[in-house]
Amino acid sequence: MHAWLIVIGLVVFLWLWYSSRGGAAAQRGILSFGKSRAREVTEETVTFEDVAGVDEAKEELKEVVDFLANPDRYAQLGARIPKGVLLVGPPGTGKTLLARAVAGEAKRPFYHISGSDFVEMFVGVGAARVRDLFQKAREHAPCIVFIDELDALGKARGAGVISHEEREQTLNQLLVEMDGFDPSTGVIVMAATNRPEILDQALLRPGRFDRQVLVDRPEKEGRRKILELHVKGVTLDPAVDLEQVAARTPGFAGADLANLVNEAALLAARRRKAKVTMEEFDEAVERVLVGLEKKGRLVSPAERRIVAFHELGHAVCAETLPGADPVQKVSIVPRGMGALGLTWHRLAEDRYLMTASELQSRIAVLLGGRAAELLFIGEPSTGAHDDLAKATEIASDMVRKYGMSQLGLRTFERPRMAMVNPELGAASPRDHGDETAVSIDKEVDRLIQEGLELARKTLEERRAVVEALATRLLDEQQLSGLEIRRALGLPAREQENRSELAPRKPEAAPEAPDPETKPA
Ligand code: ADP
Ligand code: MG
Ligand code: ZN
């Protein structure tokens, strides 16, 4: 079957469909096909005041606001401004809201389009829309183009011939547009996604979405602030304690909290009360909780305990072992995207060389999570999967590449599968014999085992401190590296006051020094 036959068939079908809806409407429908469906909002009224509990993200976006408001100053200095800013975070955390607030703060136009608008369209229509969108944006610069649900452009793959091709073309057009303008034109592209791992890698190259901003689920204090924003305009009984509501809603995103306030108000109305009381809030929490549990988004207390010890295992090893990467913060705020907890390492200066003992420390830090599970929970969990893979990789490199094992100085090729490199045929020829292969396996095993032992010993010696830290972490949901060092009786580090966070891509960390995540 010829693809163009399908296309013609569909065009005819759609034309008939449009005609059946009345003459004028039909014409407009067809003529506006290639036009961007983007909504232009010239006077965005949302500001940073309407977004709470995501202070780090706001801080990072202030630069964008400043640029939009004073593009000349940046141009004069020749300062390079990011072309694309990608907001990454679980659903309902306020990504869309933040993008609007950036435009609102800068008082500049805002062109909003959603990735899902492009799915199931004719080939070429999406691309035409993107072209049209950027054309308009350039005419009104400085301004923001916001692409919501960017991943929808990457999700259509495999959903049928037409939508696949459509996706490719739309994506390509987006890349062309982003490459084709100078940042000094003043168009800043913002996009949002909750699934950064499925994005086409081409989008993340320099000159495209080269800046990523993490928009996280809020911690307790943030939740209280968000609740406070949303109860404006709701008649509250004075006895309502939002602090307490915040304490009872770990894992709730901003949208869940907005939903919670609305549920409480609805309940009060149904009961013909003059004010919303704590009783309605209690019941609303239960309702929203049930909904979230059904969606599998909430973590049970037992899981939280495992996550807390696991993350502290990494963090305490990182702080105690020589040459390991210092800790920025440890968090057990659920992050969606499969990660239950996170240890953020501060990136030390760029490393070109690493010593054997530093690599051993690194293996021990990676296995610190598992070691803590064994020590404090009594059995291993699936959460360490990623850690184990990374530790194995390092141990294998130490044996095969760096001559850091009992096998001496020669190097050993890693066996490559035909799947990875089809030109090699079935499998690449090994550069060593079967007996050596056994020895290599043994050495890798030994390095990993030693790393686990080192981590276990480190944690065992500090059992009481780790337990105390876990209690705090479960309560406060996050701890800074400084707090952990204090508890361990270690001095503060010099750069302690610099607050920049190392990770740019927290959930898909390819290398060991990057932050540590664990699949659920
Ligand atoms: P996302 O785009 O991350 O899925 P949205 O920006 O669409 O989330 O949020 C949906 C709604 O939830 C917002 O319109 C707002 O009412 C509420 N909300 C979400 N996050 C926040 C926040 N951080 N502060 C205040 N309100 C929020
Ligand atoms: Mg959104
Ligand atoms: Zn881990």
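Before reading on, note that the structure itself is shown above.
Cut-off values and rules
Residues numbered from 1 in each chain as written. Chains lettered and ligands numbered in written order. Predicted model: local features only at pLDDT ≥ 70, side-chain atom pairs only at ≥ 80, totals over all residues. Heavy atoms only, no water. Helix = DSSP H or I, 4+ residues; strand = E, 2+ residues; numbered from the N terminus. Expected span 1.5 Å × (residues − 1). Buried < 20%, exposed > 50% of the residue type's maximum accessible area, 1.4 Å probe, protein only. Arc of directions from axis to C-beta. Donors = N, O, S within 2.8 Å, 3.2 Å for Na, K, Ca; no water. Phe/Tyr/Trp six-rings, centres within 6.5 Å; stacked < 30°, edge-to-face > 60°. Contact = heavy atoms within 4.5 Å. Polar contact = N/O pair within 3.5 Å; in protein donor to acceptor, adjacent residues only side chain to side chain. Core = buried A, V, L, I, M, F, W, Y, C linked by side-chain atoms within 4.5 Å. Axes fitted to C-alpha atoms, helices over the stretch in contact; angles between N-to-C directions. Parallel < 35°, antiparallel > 145°, perpendicular 65-115°, else oblique. Left-handed = near helix turned anticlockwise from the far one by under 90°. Nonpolar A, V, L, I, M, F, W, Y, C, P; charged D, E, K, R; others polar. Near = heavy atom within 4 Å. Areas by Shrake-Rupley, 256 points an atom, 1.4 Å probe, with all protein chains shown as cover. Domains from an automatic or database assignment. Salt bridge = Lys/Arg side-chain N within 4 Å of Asp/Glu carboxyl O.

> I tried to follow helix H11 (residues 254-270) on my own but got confused; where do I start?
Side chains of residues three or four places apart in an α-helix project in the same direction, reflecting 3.6 residues per turn. Counted at 1.5 Å a residue, the expected span for H11 with its 17 residues is 24 Å, and the 24 Å between its end C-alpha atoms agrees. Considered for burial, the residues of H11 that qualify are Gly-254, Asp-256, Leu-257, Leu-260, Val-261, Ala-264, Leu-267 and Ala-268. All buried residues of H11 fall inside an arc of 165° around its axis, so they share one side. Taken from the residues just after H11, Arg-272 is the one with a positive phi, measuring 55°.

> For this particular structure, what's the right way to read the coordination of the zinc ion (ligand 3)?
Six octahedral donors around a metal ideally sit at 90 or 180 degrees from one another, while four tetrahedral donors ideally sit at 109.5 degrees. Bound to the zinc ion (ligand 3) are the protein donor atoms His-310 (NE2), His-314 (NE2) and Asp-387 (OD), situated 2.1 Å from the metal. One chain supplies every donor to the zinc ion (ligand 3), and in sequence these donors are spaced H-x3-H-x72-D. Residue His-310 is found in helix H13 (residues 301-320), and its partner Asp-387 is found in helix H15 (residues 385-400); the two are separated by 77 residues along the sequence. Like Asp-387, His-310 is buried.

> Just to check I follow, could you spell out the packing of aromatic side chains for this structure?
Applying the stated criterion across every chain yields a total of 3 aromatic pairs. Aromatic side chains Phe-67 and Tyr-74 sit 5.5 Å apart centroid to centroid with 85° between the ring planes, which places their arrangement in the edge-to-face category. Note on accessibility: Phe-67 and Tyr-74 belong to one class, buried. Seen in terms of ring centroids, Phe-110 and Phe-146 are 5.8 Å apart; in terms of plane orientation they differ by 20°. Their pairing is stacked. Pair noted here: Phe-110 is in strand S3 (residues 110-114) and Phe-146 is in strand S4 (residues 143-148), with a separation of 36 residues, a long-range link. By the burial criterion, Phe-110 is buried, and Phe-146 matches it.

> Before we go on, may I ask you to explain the environment of Glu-149 in this structure?
Mapped onto the elements, Glu-149 comes out in the loop between S4 and helix H7 (152-155). Take Glu-149: its relative accessible area is 38%, and that puts it in the partly exposed class. Leaving out residues up to four positions away in the same chain, Glu-149 has contacts with Ser-114, Gly-115, Ser-116 and Ala-192. Of note is the side chain of Glu-149, whose polar atom sits 3.4 Å from the side chain of Ser-114.

> Sorry if this is basic, but what is going on with the nonpolar core here?
Side chains that are nonpolar tend, in soluble globular proteins, to be buried together. Among the nonpolar cores identified, the biggest contains 43 residues, and Leu-312, Ile-363, Phe-376, Leu-459, Val-466, Leu-473 and Ile-484 are the most heavily contacted of them. Those elements that place two or more of their residues in this core are H13, strand S7 (327-331), helix H14 (356-377), H15, helix H16 (434-460) and helix H17 (463-476). Looking at which element gives the most residues to this core, the answer is H14, with 10 residues. Excluding residues within four positions of it along the chain, Ile-363 makes contact with Ala-391, Ile-394, Ala-395, Met-398, Leu-447 and Gly-451. Counting residues in each nonpolar core, the second largest holds 28 residues, with Val-51, Leu-68, Leu-87 and Ala-99 among its members.

> Looking at this model, I keep getting lost on the packing of H15 against H16. Mind explaining?
Think of two packed helices as two axes; the pair is described by the angle between the axes and how far apart they sit. Across the interface, H15 lies against H16 with an axial gap of 9 Å and an inter-helix angle of 130°. Judged on the interaxial angle alone, H16 and H15 are oblique. In this structure, H15 crosses over H16, and the sense of that crossing is right-handed. Across the interface between the two elements, Thr-392, Ala-395, Ser-396, Met-398, Val-399 and Arg-400 of H15 pack against Ile-440, Glu-443, Val-444, Leu-447 and Ile-448 of H16. In terms of residue class, the contact of H15 with H16 is made up of 7 nonpolar, 2 polar and 2 charged.

> How should I be thinking about the site of ligand 1 in this particular structure?
Taken together, 15 residues sit near ligand 1, with Ala-52, Gly-92, Lys-95, Thr-96 and His-230 positioned nearest. Between ligand 1 and Gly-92 there is a distance of 2.8 Å, counted from an oxygen atom to a backbone nitrogen or oxygen. In this structure, a nitrogen atom belonging to ligand 1 sits 2.9 Å away from a side-chain N or O atom of His-230. Protein contact buries 77% of the 550 Å² of open area that ligand 1 shows by itself. Among the elements of the structure, helix H5 (95-106), helix H9 (220-230) and H11 are those that each provide at least two residues to the shell around ligand 1. Of the residues assigned to the shell around ligand 1, the class counts are 7 nonpolar, 6 polar and 2 charged. Mapping the shell around ligand 1 onto the domain boundaries places at least three of its residues in each of domain 1 (33-157 + 165-214) and domain 2 (220-290).

> Can you walk me through H9 in this structure?
Every buried residue belonging to H9 is among Gly-222, Arg-223, Arg-224, Ile-226 and Leu-227, and all of these are buried. Against helix H10 (242-247) and H11 lie the buried residues of H9.

> Teacher, can you tell me more about the packing of H14 against H16 here?
Packing of H14 against H16 leaves a shortest axis separation of 7 Å and a crossing angle of 60°. Relative to H16, H14 is oriented oblique. The way H14 lies across H16 gives a crossing that is right-handed. Two secondary-structure elements touch here, H14 through Gln-360, Ile-363, Ala-364, Leu-367, Gly-368, Arg-370, Ala-371, Ala-372, Leu-375 and Phe-376 and H16 through Leu-447, Ile-448, Glu-450, Gly-451, Leu-452, Leu-454, Ala-455, Arg-456, Leu-459 and Glu-460. A breakdown of the residues in the contact of H14 with H16 according to their chemical character gives 13 nonpolar, 3 polar and 4 charged.

> Which parts of the structure should I look at to understand the environment of Asp-148?
Mapped onto the fold, Asp-148 is located in strand S4. On a C-alpha basis, the gap between Asp-148 and Met-190 in space is 8.3 Å, while along the polypeptide they are 42 residues apart. In contact with Asp-148, other than residues within four places in its own chain, are Thr-96, His-112, Ile-113, Ser-114, Gly-115 and Ala-192.

> Explanation requested: the pattern of salt bridges in the structure shown.
Oppositely charged side chains may form a pair once their charged atoms are brought near each other. Applying the stated criterion across every chain yields a total of 32 salt bridges. When the shortest N-O distance is used, the salt bridge between Asp-282 and Arg-248 registers 2.6 Å. Separated by 34 residues along the polypeptide, Asp-282 in helix H12 (residues 278-294) and Arg-248 in the loop between H10 and H11 bring together distant segments of the chain. A salt bridge links Arg-463 to Glu-460, with the shortest nitrogen-to-oxygen separation between them at 3.7 Å. Under the relative-accessibility criterion, Glu-460 is labelled partly exposed at 35%. What emerges from the salt-bridge pattern is a single network uniting Glu-263, Arg-271, Lys-273, Glu-279, Glu-280, Glu-283 and Arg-287.

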